[in-house]
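# Structural overview for review
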Amino acid sequence: QECSKKQKNDDTQNTSVNALTSNAEFEEENEFHALANAKIFLSDCLACDNCMTSEEGVRVFQQNQKELFRILNLNKKCDTSKHKVLAVSICPQSLPYFAAKFSLSVNDAARRLCGFLKSLGVHYVFDTTIAADFSILESQREFVQRYQQRNQEEHALPMFASACPGWIRYAERVLTNLVTSHICTAKSPQQIMGSLVKGYFARQQNLPPDKIFHVIVAPCYDKKLEALREDFYTALYNSQEVDCVLTSGEIVQIMEQKNVSMKDVTEVAVDSLFGEIKEGDVVRHDGKRSDGYLEHIFKHAAKELFGMDVKEITYKALKNKDFQEVTLEKDGETLLRFAAAYGFRNIQNMVLKLKKGKFSYHFVEVLACPGGCLNGKGQAQTEDGKPDKALLNQMEEVYAAIPVRLPETNVHVQKMYQDWLEGMDSKKVQDTLHTKYSVVNETASNLDIKW
């Protein structure tokens, strides 16, 4: 089937889907019974379901509040052999949503969200920024390698970012190897966080991975599909590295149904992956509405390839505000040309240029949502499925005010490269932090669709 994306995402009505389950245990009367009937809204690329098998559809719809409460109820029973350690990892682009929605500082929002989740019975609450550190560092190194091999390797450049699951899904299911061979092999922050929690953290706690139930809180629904990827699965323990993805909006649904306000929740410090250490204030990466792959890779490449220190990046808007470019110039010569392409219309135009051989960019940060990750459909919409532009503007202000921390300066990351990953150039780094993207059940690709 061909992708049936409509031209104007913002004008299409989201599909309301009842969470499906075949587990009779969900139907037990308990303190979470009323919460288990919440509906979820699927939108954007995930909504059309033309690239989603029926099995995937059922598994995606099972990633909702019911699954979380099934584990919470399981842990309340006397048979401790069936108990699970509940760990929740929160994406940094979700925190501005809670801060803006409840008129809190981003640090207060993080601590109150942690307090709320722990009041439900969650054992650990993590910040996924450390996973993004790894993803950005590996993407930086890969771009430099691809640039140096550009004359020997046909598909070395351009390099496309790999952090957005909506874009990856579209590339694998609708496009061809013309595109997938150009996607950076570094795993997304969510995929890496799965490895950290069920690999590194599980080992630190002397727990088998299948004893941990790992939940991600994310801005968009496409993250649910990403959690089902085969490279997110540990065969030895028959365990997914991410068991369930809940959007920011779904967490608010839980609060509303439990009649809990964020302002009334006790603040609790966010956990780290390193023993009794707690996280400090919230930090972010360069980038106005995302993890800032373009900014970090651009500055790193300028330094490594041309010995140039770039302090500030100037964006040039092209056809629209969601398609912008950045160039590095010296003595009238353009050394690097990067672009940010957000939203499927811009992605489509980018792919058409690549197909026609008229592609002038070395790297493109590709994100499925117009406006970037903050505008994920799981948090930036009103109840009737319309864009909440006022809330998005607030989120952007909150996110921009968060201090930036370079991934290179994270001492925990550097230590984990040596102690856990056996060095930056080891096979374990490739196995743990990288993956492959390829055509899956290739559909009829129609590049003439007017997006």
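Please read all numbers here as calculations on a predicted model, not as lab measurements. (Residues numbered from 1 in each chain as written. Predicted model: local features only at pLDDT ≥ 70, side-chain atom pairs only at ≥ 80, totals over all residues. Heavy atoms only, no water.)

Turning our attention to the packing of helix α6 (residues 165–173) against helix α12 (residues 344–355). Contact pair α6 / α12: the axes reach a minimum separation of 12 Å and the direction vectors enclose 40°. Between α6 and α12, the crossing angle belongs to the class labelled oblique. α6 and α12 meet at a crossing whose hand is right-handed. Contact residues: α6 offers G166, W167 and Y170, while α12 offers F344, I347, Q348 and M350. When its residues are assigned to classes, the contact of α6 with α12 shows five nonpolar, two polar and no charged. (Axes fitted to C-alpha atoms, helices over the stretch in contact; angles between N-to-C directions. Helix = DSSP H or I, 4+ residues; strand = E, 2+ residues; numbered from the N terminus. Parallel < 35°, antiparallel > 145°, perpendicular 65-115°, else oblique. Left-handed = near helix turned anticlockwise from the far one by under 90°. Contact = heavy atoms within 4.5 Å. Nonpolar A, V, L, I, M, F, W, Y, C, P; charged D, E, K, R; others polar.)

Considering all chains together, one arrives at 18 aromatic pairs under this definition. Residues F160 and W167 carry aromatic rings whose centres are separated by 5.7 Å and whose planes lie at 90° to one another, so their mutual orientation is edge-to-face. In terms of burial, F160 and W167 fall into one category: buried. Each ring, one from Y200 and one from W420, has its centre 5.6 Å from the other, and the planes form 70°; the classification is edge-to-face. In this pair, Y200 sits in helix α8 (residues 189–204) while W420 sits in the loop between α14 (411–419) and α15 (427–433), placing the two residues 220 residues apart along the sequence. Of the two residues examined, Y200 and W420, each falls in the buried class. Connected via pairs of aromatic rings, a cluster forms that spans F143, Y147, F298, F306, F338 and F363. We note R284 situated over the ring of Y399; from NZ or CZ to the ring centre the distance is 5.3 Å. (Phe/Tyr/Trp six-rings, centres within 6.5 Å; stacked < 30°, edge-to-face > 60°. Buried < 20%, exposed > 50% of the residue type's maximum accessible area, 1.4 Å probe, protein only. Lys NZ or Arg CZ within 6 Å of the ring centre and 35° of its normal.)

A few words on the sheet that holds strand β3 (residues 85–90). Two orientations exist for strands paired in a sheet by backbone hydrogen bonds: parallel and antiparallel. Reading across from one edge, β4-β3-β6-β9 is the order of the four strands in this open sheet, with parallel pairing throughout. What marks the edges here is a single partner per strand, and that holds for β4 (124–127) and β9 (244–247). Sheet twist, expressed as the mean angle between neighbouring strand axes with direction ignored, is 25°. Sheet topology places β3 next to strand β6 (residues 212–218); six bridges connect them, and they run parallel. The residue bridging L86 from the neighbouring strand is F213, located in β6. Contacts between α8 and the sheet are confined to β3, β4, β6 and β9, with β6 contributing the most and set at about 150° to the helix. (Pairing = 2+ DSSP bridges.)

Buried residues dominate β6, accounting for seven of its seven residues. The alternating pattern of β6 places I212, H214, I216 and A218 on one face and F213, V215 and V217 on the opposite face, and all of these are buried. Relative to β9, β6 runs parallel, the two being bridged by four bridges. What sits directly across from I216, in β9, is V245.

Bringing the nonpolar core into the picture now. F143, F160, W167, M350, F363 and V364 are the most contacted members of the largest nonpolar core, which has 53 residues in total. Of all the secondary-structure elements, those providing two or more residues to this core are α5 (129–148), β5 (159–160), α6, α11 (293–306), β11 (323–330), β12 (333–342), α12 and β13 (363–367). Once residues within four sequence positions are removed from consideration, W167 is found in contact with F160, A161, L175, V179, I183, I347, M350, V366 and A368. Grouped together as the second largest cluster of nonpolar side chains are 44 residues, L72, A99, F116 and M255 included. (Core = buried A, V, L, I, M, F, W, Y, C linked by side-chain atoms within 4.5 Å.)

A few words now on the side chain of S239. Along the chain, the position of S239 falls in strand β8 (residues 239–240). If we ignore the near neighbours within four places in the chain, the residues touching S239 are K198, P209, D210, F232, Y233 and T234.

The principal kink in α8, of about 30°, is found at L196. With 13 of 16 residues buried, α8 lies mostly within the body of the structure. Just beyond α8, the residue with positive phi is N206, at close to 55°. (Bend = angle between axes of the 7 residues up to and from the residue.)

Turning our attention to unusual backbone geometry. A cis amide bond, omega 0°, links L157 with the succeeding residue P158. Along the chain, P158 turns up in the loop between α5 and β5. Although it is not a glycine, S103 adopts a positive phi angle of roughly 55°. You will see that N206, though not glycine, has its phi angle at about 55°, which is positive. Along the polypeptide, N206 turns up in the loop between α8 and β6.

With respect to the element layout, Q140 can be found in helix α5. Beyond its immediate stretch of four places on either side in the chain, Q140 contacts H296, I297, H300 and E408.

As a further point, take the sheet that holds β11. With respect to topology, five strands assemble into an open sheet ordered β5-β13-β12-β11-β10, the strand pairing being mixed. Edge positions in the sheet fall to β5 and β10 (316–320), since each has one partner strand and no second. Summarising the sheet, β10 and β11 pair through three bridges and their orientation is antiparallel. By the bridge assignment for β11, A317 is matched with Q324.

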